[in-house]
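An overview of the molecular structure
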Amino acid sequence: MNVIHVSAECYPIAKVGGLGDVVGSLPKYQQKVGASARVVMPLYDNKFTAAHKFKSVYEAELVLGEDTYPYKILKLKKEVLDKEVFFVDIPELLFKDFVYSEDDTARFTAFQIATMDWLLTLEGKPSIIHCHDHHTGLIPFMAQECFKYKSLNHIPVVLTIHNAQYQGWFSHDKVHYLPAFDINHIGLLDWDGVINPLAAGIKCAWSVTTVSPSYMQELQQAANGLETLLSHEKQKCTGILNGIDSAVWDPETDEFIIKNYSAKNIQTGKTANKKWLCKEFGFKTTKPLFAFIGRLVYEKGADLLPEALDLALANKDCSILILGSGNKEVEGKLEALKKKHKSNYNTFIGYDEKLSHLIYAGADFLLMPSRVEPCGLNQLYSLRYGTIPVVRSIGGLKDTVIDVQDGGFGFCHEDASVKEITHTISRAVKFFKDQSEFKRTRKHIMGIDHSWNVSAQQYIDLYNSLKSV
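Residues numbered from 1 in each chain as written. Predicted model: local features only at pLDDT ≥ 70, side-chain atom pairs only at ≥ 80, totals over all residues. Heavy atoms only, no water.

**What to know about the overall build of the chain**
Let me state the cut-off plainly: Here a helix means four or more residues in a row that DSSP labels H or I, a strand means two or more in a row labelled E, and each is numbered from the N terminus. Each radius of gyration reported is based on C-alpha atoms, and the globular scaling rule is 2.2 Å times the count of residues to the power 0.38. Burial classes follow relative accessibility: with a 1.4 Å probe on protein chains only, a residue under 20% of its type's maximum area counts as buried, one over 50% as exposed, and anything between as partly exposed. In this analysis, two residues are considered to be in contact whenever any of their non-hydrogen atoms come within 4.5 Å of each other. For the accessible areas, the method is Shrake-Rupley and the probe is 1.4 Å, while residue cover comes only from the protein chains on display.
The helix and strand tally for the chain stands at 16 helices and 17 strands. Relative to its length of 469 residues, the chain is compact, with a C-alpha radius of gyration of 23 Å against a globular reference of 23 Å. Once the C-alpha set of the chain is aligned to its principal axes, its extents read approximately 65 × 45 × 40 Å. Per-residue burial for the chain yields a buried fraction of 59% across its 469 residues. Long-range pairs, those at least 24 residues apart, make up 71% of the contacts in the chain between residues at least 6 apart in sequence. In the structure as shown, the chain presents an accessible area of about 19000 Å², 50% of it carried by carbon and sulfur atoms.

Right, here's the structure in full:
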């Protein structure tokens, strides 16, 4: 089986969020179960591309409306990755020091056209084309409807929705960017009066997946305008829970953390990493340490954090650390709390990969009060490192975290509200005081397997079911 993943992100090359982690890991694990899985992504101007040399395997020109752009398909001269990656190099559009901007219509439409044009030239065609999010949502439509790609329309196309909030909308006056198709079928591109790549992908893909079963169910009630479409297409939709790369996220071998550990020596390992965090950020090691890692945006419930954390810190019985960036107003409010709670609270505004690993290793609890969480990887990383998740029960968090009161190992709340966040933190603080149960729980969660092994096989099973259609 020859699988081509098409994505805007792929770790460690370019990562903005969970999409990068998934596309960076899933192909590797699919190869372990017998598939040939490769990635096609844009060539960006970033640290990875600056540090490596590339060779061209194909060169041509693509047509985008009235404009023509030269492009190349590149590969690394020296394979340093654990999967084969092809880079679409369109210097004028894609080779930027960012992945996303405010208007990416031309950039990602050209990326998809270049990818499809190149696939036409391959002697060994892929047996599956797997698209990820709206940045590749036009590929299912083009494979089905554009005249020049008719020779590819027998290849099953899968679309995975990592986050339905972002859909890639653009106006009808740009529809000429696409290669020629029967204009009578323009309804496949349109949703609510605009061209909607994610909606087009849902309509035209052979199968649609989301990154957790609960998120798939939730999208039929809340999908930023696509609820009725997803309800209508539910027969071809399925939720497959994301996994994590257990080779990258492994406290026994993690080079970023102060002391490596396993479930056997979790006490000494966690203690050493917590001591480093507490010294670095001015906390007392005797108090439970809560952490938030992620984007400071509405979807993550970040706007609730300033008030909720202010209340949670009032009793001075815990410490809280924030690592993230996003909404400037939220950033400002979180920064302002440092004056009021000097010895119990601190922030790192921005993102630091090494620090994130240290926090997973050293924190006692991880906060995820999300309004929307398609799957969530942070709670899976925290479990792997013996850090107990404190989450809103939504999407993938609902599928992966069970409350201690229900015989589980985490702390859950139903609503995204200040009141519920503070109450759940207080429950966790109380739990921390029972050190025997606390230590038993965090040792237990390190043994939960959330690697990609099971999920990778589920995708292979899905591909096989499509090939037999």
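**Re the packing of aromatic side chains**
Rule in force here: Whether two aromatic rings pair depends on their centres lying within 6.5 Å, for rings of Phe, Tyr and Trp, where Trp uses its six-membered ring; planes under 30 degrees apart make the pair stacked, over 60 edge-to-face, and the rest tilted. Either the NZ atom of lysine or the CZ atom of arginine qualifies as a charge over a ring when it sits within 6 Å of the ring centre and within 35 degrees of the ring normal.
Going through the model one piece at a time under the given rule, you end up with 17 aromatic pairs. Taking the centre distance of 5.7 Å and the plane angle of 70 degrees together, the rings of Tyr-360 and Tyr-381 count as edge-to-face. Here Tyr-381 lies in helix α12 (residues 378–384) and Tyr-360 lies in helix α11 (residues 353–362), a separation of 21 residues in the sequence. Grouped by ring-pair contacts, the aromatic residues Phe-290, Phe-365, Phe-411, Phe-431, Phe-432 and Phe-438 constitute a single cluster. Seen from the ring of Phe-108, Arg-107 lies directly overhead, with NZ or CZ sitting 5.3 Å from the centre. The residue whose ring lies beneath Arg-371 is Tyr-298, and the NZ or CZ to ring-centre distance is 3.8 Å.

**Re the environment of Lys-47**
Among the structural elements, Lys-47 can be located in helix α2 (residues 47–51). Judged by its relative accessible area of 78%, Lys-47 is exposed. It is 36 Å that separates the C-alpha atoms of Lys-47 and Arg-442, two residues lying 395 residues apart in sequence.

**Some remarks on the pattern of salt bridges**
So the rule is basically this: Each reported salt bridge corresponds to a side-chain nitrogen of Lys or Arg within 4 Å of a carboxyl oxygen of Asp or Glu.
Across all of its chains, the model carries 21 salt bridges by this definition. Between Lys-340 and Asp-310 there is a salt bridge, with the nearest N and O atoms lying 3.1 Å from each other. Remark: Asp-310 occurs in helix α9 (residues 305–312) and Lys-340 occurs in helix α10 (residues 328–340); sequence separation between them is 30 residues. Residue Lys-333 is joined to Glu-329 by a salt bridge in which the shortest nitrogen-to-oxygen separation is 3.5 Å. Here the residue Lys-333 and the residue Glu-329 both occupy positions in helix α10, the gap between them amounting to four residues, near one helical turn. The exposure class of Glu-329 is exposed, given its relative accessible area of 55%.

**Here's the deal with the packing of helix α8 (residues 266–281) against helix α15 (residues 435–445)**
Axis angle and axis distance: for two packed helices, these are the angle between their axes and the distance between the axes, and together they describe the pair. To keep it simple, the criterion reads: Only the contacting stretch of a helix is used when fitting its axis, a line to C-alpha atoms as for every element, and angles between N-to-C directions run 0 to 180 degrees. Roughly parallel means an angle under 35 degrees; roughly antiparallel, over 145; roughly perpendicular, 65 to 115; everything else is oblique. Note that Gly is not counted as nonpolar here; it falls among the polar residues with everything else outside the nonpolar set of Ala, Val, Leu, Ile, Met, Phe, Trp, Tyr, Cys and Pro and the charged set of Asp, Glu, Lys and Arg.
At a closest axis distance of 11 Å, the pairing of α8 and α15 adopts a crossing angle of 95 degrees. Taken as axis vectors, α8 and α15 run roughly perpendicular relative to one another. In this structure, α8 contributes Ile-266, Gln-267 and Lys-270 to the contact, and α15 contributes Lys-439, Arg-442 and Lys-443. Along the lines of polarity and charge, the residues of the contact of α8 with α15 split into one nonpolar, one polar and four charged.

**Brief notes about the pairing of strand β6 (residues 128–132)**
To be explicit about the condition: Whether two strands pair comes down to DSSP finding at least two bridges between them.
Most of β6 is tucked away, with five of its five residues classed as buried. Of the two faces of β6, the one carrying Ile-128, His-130 and His-132 and the one carrying Ile-129 and Cys-131 are both buried. Note: strand β1 (residues 2–6) against β6, four bridges, orientation parallel. Counterpart to Ile-4 in the pairing with β6 is Ile-129.

**Points about α9**
The cut-off we apply is this: The directions from the helix axis to the C-beta atoms are what the arc is built from.
Along α9, the positions that sit buried rather than exposed are Leu-305, Pro-306, Ala-308, Leu-309 and Ala-312. End-on view of α9: buried residues confined to an arc of 170 degrees, all on one side of the axis. On its buried side, α9 packs onto β12 (289–296), β13 (319–326), α10, β14 (345–349), β15 (365–368) and α14 (418–433).

**Re α15**
Buried residues of α15: Phe-438, Thr-441, Arg-442 and Ile-445, and no others. Angular distribution of buried residues about the axis of α15 spans 90 degrees; they occupy a single face of the element. Residues of α15 that are buried make contact with α8, β15, α12, β16 (388–392) and α14.

**Observations concerning the sheet that holds β1**
One open sheet holds the nine strands; their spatial order is β3-β4-β5-β2-β1-β6-β7-β10-β11, and the pairing between them is mixed. With one partner strand each, in any of the chains shown, β3 (54–64) and β11 (237–239) form the two edges of the open sheet. Looking at each pair of strands side by side, their axes are set apart by 25 degrees on average, direction ignored. Pairing analysis gives five bridges linking β1 to strand β2 (residues 36–42), with the strands arranged parallel. Counted as the bridge partner of His-5 is Val-39 from β2. The strands touched by helix α3 (residues 105–121) are β1, β2, β3, β4 (67–76), β5 (84–89) and β6; relative to β3, the strand with the most contacts, the crossing angle is about 115 degrees. Helix α16 (residues 453–467) contacts β1, β6, β7 (157–161) and β10 (207–210) of the sheet and is inclined by roughly 165 degrees relative to β10.

**Some words on empty space enclosed by the protein**
Formally: The rule is simple: put a 1 Å grid over the protein atoms alone, call a set of points where a 1.4 Å probe fits but cannot get out a cavity, call an open set with protein on both sides within 12 Å along at least five of seven lines a pocket, and count a residue as lining if it has an atom within 4 Å of a point. Grid points are joined across faces, edges and corners, and a volume is the space filled by probe spheres set on the points.
Evaluation of the coordinates by the stated rule reveals one cavity of 30 Å³ or more. Here the largest cavity defines a volume of roughly 40 Å³. Leu-367, Met-368, Pro-369, Val-390, His-413, Ile-421 and Thr-424 together form the lining of the largest cavity. In terms of residue class, the lining of the largest cavity is made up of five nonpolar, two polar and no charged.

**What to know about the sheet that holds β13**
In space, the six strands of this open sheet follow the order β14-β13-β12-β15-β16-β17, with parallel pairing throughout. Either end of the sheet is taken by a strand with one partner, and the two such strands are β14 and β17 (411–413). Within the sheet, the average angular offset between the axes of one strand and its neighbour, ignoring direction, is 15 degrees. Pairing analysis gives five bridges linking β13 to β14, with the strands arranged parallel. Opposite Leu-321, over in β14, you have Asn-346 as the bridge partner. Sheet strands touched by α9: β12, β13, β14 and β15. Its angle to β13, the strand with the most contacts, is close to 170 degrees.

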